[in-house]
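Report on the structure
Chain residues, written in single-letter form:
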Amino acid sequence: MTTQLSVYADPKAEAAGAVSAVVASLPLSFGPAAGPSAEVPDVVAVAGHAGWAGRAADAIRSGASGVVVAAPVAEDTAELIGVADSAGAAVVLDQQWAGNAALAESSDNVRRVIAGALEDAVMLDSVAVAAPGTDPAHLLTEQLAVLVGCGMELRNLRVVQRNGNGYTVAGVLAGGTPVALQGILTSALPATASVTVLTSTGRADVVLPDPAAAWPAEVRVVTAEGATTLPTLYESSHRTSWARAHATVTSGKPANDLVRFAAVTSLLNQLTS
Amino acid sequence: MSGVTRSQLRIPQSSDYKEVSNLSNQAQASPALLGVGILGAGPATQAIHLPSLARLGDLLEVRHIMDVDPAVAETVAGRVGANFSTSMDELLADPAVDIVAICSPHQFHAAQVIASCRAGKKAVLCEKPFAMNGEEAARISAVSAETGVPIIVGAMHTFDPGWLAAEEAWEDLPEHVHTIRSSIVLPPNPRFEDFATEIVGRVPVPGRDSTDPDVIKAMLTGGVMGLAIHDLPLVRRFTPDFEAVEVLHAEIVRPFGYVISLRAGNVSIELRAAMNATWEPSWVFEAIGDDAALKIDFTPSYVHAGSATARIRRAGRTTVLGPFGHNGYEGEWRKLAELASGTGQAPSAETLIHDLEFALSIAEAAARRVDTGRTAGTPADEEINA
Ligand SMILES: NC(=O)c1ccc[n+]([C@@H]2O[C@H](COP(=O)([O-])OP(=O)(O)OC[C@H]3O[C@@H](n4cnc5c(N)ncnc54)[C@H](O)[C@@H]3O)[C@@H](O)[C@H]2O)c1
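The rules behind these values
- Residues numbered from 1 in each chain as written.
- Chains lettered and ligands numbered in written order.
- Predicted model: local features only at pLDDT ≥ 70, side-chain atom pairs only at ≥ 80, totals over all residues.
- Heavy atoms only, no water.
- Buried < 20%, exposed > 50% of the residue type's maximum accessible area, 1.4 Å probe, protein only.
- Helix = DSSP H or I, 4+ residues; strand = E, 2+ residues; numbered from the N terminus.
- Pairing = 2+ DSSP bridges.
- Right-handed = clockwise from strand over helix to strand, strands pointing away.
- Contact = heavy atoms within 4.5 Å.
- Buried area = accessible area lost by both parts, 1.4 Å probe.
- Salt bridge = Lys/Arg side-chain N within 4 Å of Asp/Glu carboxyl O.
- Polar contact = N/O pair within 3.5 Å; in protein donor to acceptor, adjacent residues only side chain to side chain.
- Nonpolar A, V, L, I, M, F, W, Y, C, P; charged D, E, K, R; others polar.
- Axes fitted to C-alpha atoms, helices over the stretch in contact; angles between N-to-C directions.

It is worth spelling out the pairing of strand β5 (residues 123-127) of chain B at this point. All names here are of chain B. Of all five residues that make up β5, five are buried, and the element is covered over most of its length. Neither face of β5 is left uncovered, since the one carrying Ala123, Leu125 and Glu127 and the one carrying Val124 and Cys126 both have all their residues buried. The sheet contact formed by β5 and strand β6 (residues 151-154) spans four bridges and is parallel. If you follow Cys126 over to β6, its bridge partner there is Val153. Assessed by its sense of winding, the connection that carries the chain from β5 through helix α6 (residues 134-147) to β6 is right-handed.

Turning our eyes to something else, we now look at the interface of chain B and chain A. Taken together, the contact pairs 37 residues of chain B with 39 residues of chain A. Summing both partners gives a buried area of about 2700 Å² for chain B against chain A, and 52% of it is carried by carbon and sulfur. The interface formed by chain B and chain A holds three salt bridges in total. A salt bridge links Glu280 of chain B to Arg220 of chain A; the shortest N-O distance between them is 2.5 Å. Where chain B meets chain A, there are 21 residue pairs in polar contact (both at pLDDT 80 or more). Taken together, the elements giving at least two residues each to the side of chain B that touches chain A come down to β7 (177-186), β8 (246-252), β9 (257-264), β10 (267-275), β11 (282-289) and β12 (292-298) of chain B. Partitioned by chemical class, the residues of the side of chain B that touches chain A number 15 nonpolar, 11 polar and 11 charged.

So, about the sheet that holds β9 of chain B. Residue and element names in this part refer to chain B. Taken together, eight strands build an open sheet; the order of strands is β8-β9-β10-β7-β11-β12-β13-β14 and the sheet is mixed. Because the sheet does not close on itself, it has two edges, and the strands there are β8 and β14 (317-321). Along the sheet, successive strands turn relative to each other by an average axial angle of 10 degrees, direction set aside. The pairing of β11 with β12 spans six bridges and is classified as antiparallel. Note on β12: the bridge partner recorded for Ala287 is Leu294. Running over the sheet, helix α10 (residues 213-226) touches β8 and β9 and is turned about 115 degrees from β8. Against the sheet, helix α13 (residues 349-371) contacts β8 and β9, and its axis sits at roughly 65 degrees relative to β8.

Take a look at the structure:
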């Protein structure tokens, strides 16, 4: 029997994470809470603009067993980690690309394929696309979350260029393999993030879709033996994140999201310092 | 095979061809066909030009092949029934040659282009790169203006019907492009040369110590002048401020390739290339603006795998152009045939020189970053020259 959790999203969280549509697609797992004051909701959706860590901590202090943060910007989460730990509350980050099921900890085949390609990488090339008007710093946060989510250890990151249309960041993988990241602002292309690992004999590509619809991710590997397309799901990262929030809250097993997010923030700090 | 005697199986010798070709050239050369002479008969001639010309036998006929290596000149000429020689002057003096193709190593291009123009030929194809420095380019420009001989440079993507179709369809896209990407993944050259022909006289590439800064510099200039050069004229179509190009980052990729970041005015340009041992090549050019984007998938070097496919995306609508049945190599020869018969428009010398200056300034600035210690090196052992 699935435990139904009540959910509250304020308008900003609703807009950032398409919460009601997603929750409606998990009707046994979630139901709407009447409002912030009527009862203590089990799970609170938090919009990820600046100050989200404080808002998430407040929701936990007010009794929520879980928070789902939509599109969190880079910020310090030390206090939130403490608050969540002592309350035993779950903090799930709903990141547009990193939250895709293809990168979930349970996607063993995808992880294996990426890890295999990284062992033999000659270049890592990644492109993140977002609509004009998107804050490039946030786009880079989302892109780095993808790379961290792929298990990549990036080093010596530096900004090569940055302007109103995007950015280029260069770095290396552990063995010195070149890393090239680009963010592009355009409405002409779908808002996807792609990661390409070129290897000595082939490549691995991961393309993560815009979560506005349930487009599946694409994961393809080329080796000397041939090309393989891995199975992926028609599920948006929003839905995957909420399903994970339900599992985390009901199982009591802690989520790893804030640890991963700290790895992203630390990359960003290295970059700007 | 028992009924076939040895003499019936006799493999023709090149001397046979010489007689045959002398006959065909001097006595029976079809006036409708344009005669081609080629300087340098290495892999580019063998794998790229002869197969392209074999598809255009109704327009063009190879009549003279010159190489400094007599064995290469003779065997390659033998394949097509052409005269051969080891001297440029002899080829240029051959009246059967209307069009000269310069396919020698880079350092000879400028002098051979100039000599071909002065010899009063009808059209000249210079394999890329056009020249190795600005001074050579200026000399070519002067001779081209003086002689009026049309010249094209073998940057094959500019002759690809997929690119040309995109150019006709893209409307005001160039004014709005702010981001360009050229991403190349190719297997090592010999593999694809061998799909296109049977090569003679291939020179193995010596192994080199790619931690040596001079080797890294050579890899970067070689990568730009040998590989990126096919896309740089395309890049320039979208960068009005090409003279202001700055190299912001340059790095080599193992075993051969590069990651280069450029800025020209408001346009960001990212060049990526890797020559690895993949069986799956990929060559993508993208030009992206706020509301429209062009993406072109080119077919790989050497093989004759038809044209690129271009996609123009605008407001939820994608226009697909191509693929067409021939690639830019054949496109070059079709263009040369037009020019030599007095039709068609040659690219202006200014365009070719600006293309060259653009490539040279990128290659030089990329190499300079090695001196300033801003380029990371990784081991490499292969040359690049697609
Ligand atoms: N457009 C393309 O896709 C493409 C691909 C490959 C090469 N290329 C260009 O074609 C040219 C030749 O390439 P390659 O791979 O055949 O090179 P290569 O160096 O392997 O062969 C060149 C040939 O020229 C001969 N040669 C040397 N000096 C000469 C001289 N002074 N005059 C005449 N011949 C001379 C050599 O003996 C050799 O046979 C290069 O400029 C290269 O950049 C273009």
